[in-house]
Amino acid sequence: MRIVSILALLALTSGSAAAAVYQIGDNDGYGAAICDNCSHSFDGFSADHDGRSAAEKLATDGAQYTDTYSTTHPGFSPHGLETVATFHFGGLGTHWTSGKLEIDLADFQASEFGAVAAAFNGITQDFAFDDGYTKTAVHSFVLSDAVLNSINATGELIITIDRNNSSDFYGIDYLKLTDLTEPVMFMPPRIETVALPVPEPETYLMLLAGLALLSFTYRRNIKPVNLGI
Ligand SMILES: [Ca+2]
Ligand SMILES: [Ca+2]
Ligand SMILES: [Ca+2]
């Protein structure tokens, strides 16, 4: 006797959360509405550009370093004698498997004035950009496994940009961190497969013959009823 299985459909559902995005500083073109990957109008000699909003000036997460020219350049920066800009992304959780960081930079000239020393959670990053004078450029970093592990160990990402070995003037518009961790797939409780017997044709014939015999026997055993009409 053949067995036909009833296929149980397993519906997969997912926790389809959108990628979380964290941002330090506002994407306002260095406070002067300068488009991305364009040219700025900063004055690298008087360094008088400060496009910070009131919130940026008061910030403590690193936003106070955005929209200034040149950030942490002693003698020119609004930050006095500071030489290291620190940006702090907190509350990131410990689940990261993939992520990227986008930083909108202006006027980086590493070959001419030296590369700044940058690190993500203490892990060195390549900031030897040669975008050129007056040029703005959005740079994107794919977070390495080491950086992801450091985020998962601490729940934060601390970015340091140290200009002690650089005399370059530059600006920073904003930093945007994106969590690209794949959403977790949730499997519903498994539905067990059910097997039902399916009669073969000869079984049908035997069944029909049996029913016919029963019907014949039944009719023979019924006595006519005189209804008197
Ligand atoms: Ca601003
Ligand atoms: Ca420069
Ligand atoms: Ca900005």
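Scroll up to find the structure.
Bear in mind the structure is a predicted one, so any value in this text is a computation, not a measurement.

Asker: Hey, could you go over the environment of Thr94 for me, with residue numbers and the actual values?
Answerer: For Thr94, the location among the structural elements is in the loop between strand 4 (84-89) and strand 5 (99-106). For Thr94 and Ser150, which are 56 residues apart along the polypeptide, the C-alpha to C-alpha distance reads 9.1 Å.

Asker: Mind laying out the pattern of salt bridges, listing which residues take part and the relevant values?
Answerer: One pass over the full model with this rule turns up two salt bridges. Its salt-bridge partner being Arg52, residue Asp50 comes within 2.9 Å of it at the nearest N-O pair. A relative accessible area of 16% means that Arg52 is categorised as buried. Glu102 is the partner of Lys176 in a salt bridge, and the nearest nitrogen-oxygen pair spans 3.8 Å. Of this pair, Lys176 sits in strand 10 (residues 171-179) while Glu102 sits in strand 5, and the two are 74 residues apart along the sequence. According to the relative accessible area criterion, Glu102 is buried, its value standing at 15%.

Asker: Hey, could you go over the coordination of the calcium ion (ligand 3) for me, with residue numbers and the actual values?
Answerer: Coordination of the calcium ion (ligand 3) by the protein comes from Asp26 (O), Asp26 (OD), Asp28 (OD), Asp67 (OD), Asp67 (OD), Asp173 (O) and Asp173 (OD), over a distance range of 2.1 to 3.0 Å. Along the chain, the residues donating to the calcium ion (ligand 3) are arranged with the sequence spacing D-x1-D-x38-D-x105-D. A gap of 3.8 Å separates the calcium ion (ligand 3) and the calcium ion (ligand 1), which Asp26 links by coordinating each metal. Note that Asp28 is positioned in the loop between strand 3 (21-24) and helix 1 (29-33) and Asp173 in strand 10, a separation of 145 residues in sequence.

Here is what the cut-offs are and how they apply
- Residues numbered from 1 in each chain as written.
- Chains lettered and ligands numbered in written order.
- Predicted model: local features only at pLDDT ≥ 70, side-chain atom pairs only at ≥ 80, totals over all residues.
- Heavy atoms only, no water.
- Helix = DSSP H or I, 4+ residues; strand = E, 2+ residues; numbered from the N terminus.
- Salt bridge = Lys/Arg side-chain N within 4 Å of Asp/Glu carboxyl O.
- Buried < 20%, exposed > 50% of the residue type's maximum accessible area, 1.4 Å probe, protein only.
- Donors = N, O, S within 2.8 Å, 3.2 Å for Na, K, Ca; no water.

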